[in-house]
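Architecture and fold: a report
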Amino acid sequence: MAGPPGIKARARGFAEVFDRSIGDALTPLSVVIEKVLSPVRAVIEGRETLMFGTNSYLGLNFDPACIAAAEAAMASFGTGSTASRVASGNQALHVGLERQIAELYGRRDATIFSTGFMANLGAIGGLVREGDAAVLDAHCHASIFDACKLSGAKILTFRHNDAADLARIIAESGIAPSRTLVVVEGLYSVLGDLADLDAISTVTAGLGAVLLVDEAHSLGLYGARGRGVAEAQGVEDKVDIIVGTFSKSVGVVGGYCVTDDPAFRALRFAARSYLYTASLPPPVVAAASQALSIIRDDSDKRRTVFRNAETVHRGLTALGLPPLAPPGPVGAVPMPGIKPGLDTWTALLRAGLYVNMLIPPATPNGEVVLRYSVSAAHSPRDIDAALDIIAATGRQTGVLRPAA
Ligand code: PMP
């Protein structure tokens, strides 16, 4: 009886499509980083490569104090916790990091998770269930969509950053605002634009919906204390829950959620991705804690990122490759299609510059983009070198017209 393909037949079909469309071509999935020399330099294909596609915005993955903290924690707590927080994985380091995050945000409760993806799974999964609505900005990250799918809530999306559309979707959902969770990001990770949190939080607060902001890419970069875009835009009191990650500016791995609402104080016990997975390894927790202290005390790094971002944005615009969003730590330059995008990306890599090549569904609006990220660890000479490589390879691949 002919029916839908079996599991192996489907997997074989997928592998064949993959082989046909990608084959042996160098793609972002097959690049091997042979050595990491610094936050912004690595060896790829035996070549020293300038990295403009990591999320090490502050360069803290190589900070000597963070490395020393990780080494000291490893010497006294071992390499891993070997259990979840509710078993034997609840160490003083974990409790201390949660206290530190709560203090950084000036909020009552912080919970740490083993990744940012798991923080979204846990926080969203602990908040909503079948019968509730989850209303997401159309550009939200996959972890947010997956968390909502797993929760059983009805998923609705609103037009990117359009508060009027958000209000309309909530009104037409047939589900009470009190049973509606709205999720947005602070800094959007692909195109690098910022949420209009003032307009969005005015809608959610006015209706009584719950607002969760994912500050994965904005922690350590925005706001006077580095708490993210909600702080920078002065709307923290209208944001119910903030989620973030340690895998970007903090330079390790892990996630957190933080809230001031006593109603959510037991959220961790409803979060399956908290209960049923091993807690973070001690060296990671210690490095995260040190990095958060640096974020709290050293705003110079933040200023350097934005100065670098301005220079990169200005340089690309002068080359006729204006990024899609205003200057910021993340930028994206549209490519005229997958083939020219991949050709340009490969040529850049072979010339010693690493950026991110992104295609749908990882990008919104069907865009093919070369995404870059800027770090405080980039020197002015690194930026000049990157722009020179882009100018030369852009002409070579036809993405840039030859200079007159
Ligand atoms: N949220 C957003 C907005 C992200 O961009 C990412 C990672 N790219 C995550 C969550 C997941 O974070 P992590 O890498 O810590 O799992």
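No experiment lies behind these values; they were computed from the predicted model shown.

**Concerning the overall build of the protein**
Per the secondary structure count, the protein includes 13 helices and 14 strands. Compactness check: the protein gives a C-alpha radius of gyration of 22 Å against a globular reference of 22 Å for 404 residues, within 12% of the reference. By principal-axis analysis of the C-alpha atoms, the protein measures approximately 65 × 60 × 50 Å. By the burial criterion, 49% of the 404 residues in the protein qualify as buried. For the protein, restricting intrachain contacts to residue pairs at least 6 apart in sequence, the fraction spanning at least 24 positions comes to 70%.

**Describing the packing of helix α3 (residues 92-105) against helix α10 (residues 282-297)**
Axis separation between α3 and α10 bottoms out at 10 Å; the angle between their running directions is 20°. The angle between the axes of α3 and α10 places the two elements in the roughly parallel class. Remark: the crossing between α3 and α10 carries left-handed chirality. Of the residues in α10, those touching α3 at L93, H94, G96, L97, Q100, I101 and L104 are P282, V285, A286, A288, S289, L292 and R296. Residue composition of the contact of α3 with α10, by class: nine nonpolar, four polar and one charged.

**Focus on the UniProt feature "domain: Aminotransferase class I/classII large" (unreviewed entry) in the protein**
UniProt annotation of "domain: Aminotransferase class I/classII large" (unreviewed entry) refers to residues 50-390 when read in the numbering used here. Annotated as 40% helix and 16% strand, the span residues 50-390 places its first and last C-alpha atoms 12 Å apart.

**A short note on the sheet that holds strand β9 (residues 241-245)**
Read from one edge of the open sheet, seven strands run β4-β10-β9-β8-β7-β5-β6, paired in mixed fashion. Looking at the sheet topology across the chains shown, the edges are occupied by β4 (109-113) and β6 (154-158). Mean inter-strand twist for the sheet, computed between neighbouring axes without regard to direction, equals 20°. Packed onto the sheet, helix α4 (residues 116-127) meets β4, β5 (133-137), β7 (180-185), β8 (210-214), β9 and β10 (255-259) and runs at close to 160° relative to β9. Strand contacts of helix α6 (residues 163-172): β5, β6 and β7, with the helix running at about 150° to β6, the strand carrying the most contacts.

**Description of helix α11 (residues 300-318)**
Spanning 19 residues, α11 covers 27 Å between terminal C-alpha atoms, matching the ideal 27 Å at 1.5 Å per step. Buried residues belonging to α11 abut β11 (330-334) and α13 (380-397). One or two steps after α11, the chain reaches G320, where phi turns positive at roughly 85°.

**Observations regarding the site of the ligand**
Surveying the vicinity of the ligand reveals 14 residues, the closest of which are T115, G116, F117, A216 and T245. Considered class by class, the residues forming the shell around the ligand number two nonpolar, ten polar and two charged.

**What about the sheet that holds strand β12 (residues 353-354)?**
Spatial strand order, β1-β2-β3-β12: four strands in an open sheet with mixed pairing. The open sheet is flanked by β1 (33-38) and β12, the only strands paired with a single partner. Where strand β2 (residues 41-44) and strand β3 (residues 47-51) come together, four bridges link them in antiparallel fashion. Bridged to I44 within β3 is R47.

**Some points on the domain arrangement of the protein**
Looking at the assigned domains, one finds that the protein contains domain 1 (19-51 + 299-397) and domain 2 (62-297). Using only C-alpha atoms to locate each centre, domain 1 and domain 2 end up separated by 27 Å. Looking at the side of domain 1 that touches domain 2, the elements with two or more residues in it are α11, β11 and β14 (369-373). Considering every element that reaches the side of domain 1 that touches domain 2, the biggest residue donor is β11, with three residues.

**Describing the pairing of β6**
Judged from the five bridges that link them, β5 and β6 form a sheet pairing that is parallel. Bridged to L136 within β6 is T157. For the crossover that starts at β5, traverses helix α5 (residues 142-151) and ends in the parallel β6, the hand is right-handed.

**Remarks on the environment of P282**
When you line up the elements, P282 lands in helix α10. For the pair formed by P282 and G254, sequence separation is 28 residues and the distance between their alpha carbons is 12 Å. Those residues in contact with P282, other than ones at most four positions away along the chain, are A73, M74, F77, G78, S81, Q91 and L93.

**What to know about the pairing of β7**
With six of its six residues buried, β7 lies for the most part within the structure. Both faces of β7 are covered, namely the face carrying T180, V182 and V184 and the face carrying L181, V183 and E185. Where β5 lies against β7, four bridges are found, and the strand directions are parallel. Residue pairing for β7: A134 is matched across the bridge by L181. In this fold, the crossover linking β7 to β8 by way of helix α7 (residues 197-207) has right-handed handedness.

Calculation criteria
Residues numbered from 1 in each chain as written. Predicted model: local features only at pLDDT ≥ 70, side-chain atom pairs only at ≥ 80, totals over all residues. Helix = DSSP H or I, 4+ residues; strand = E, 2+ residues; numbered from the N terminus. Rg over C-alpha atoms; globule rule 2.2 N^0.38 Å. Buried ≥ 20, exposed ≤ 12 C-beta atoms within 10 Å, placed from the backbone. Contact = placed C-beta atoms within 7 Å. Axes fitted to C-alpha atoms, helices over the stretch in contact; angles between N-to-C directions. Parallel < 35°, antiparallel > 145°, perpendicular 65-115°, else oblique. Left-handed = near helix turned anticlockwise from the far one by under 90°. Nonpolar A, V, L, I, M, F, W, Y, C, P; charged D, E, K, R; others polar. UniProt positions renumbered as here; feature names shortened; annotations may be inferred. Pairing = 2+ DSSP bridges. Expected span 1.5 Å × (residues − 1). Near = placed C-beta within 6 Å. Domains from an automatic or database assignment. Right-handed = clockwise from strand over helix to strand, strands pointing away.

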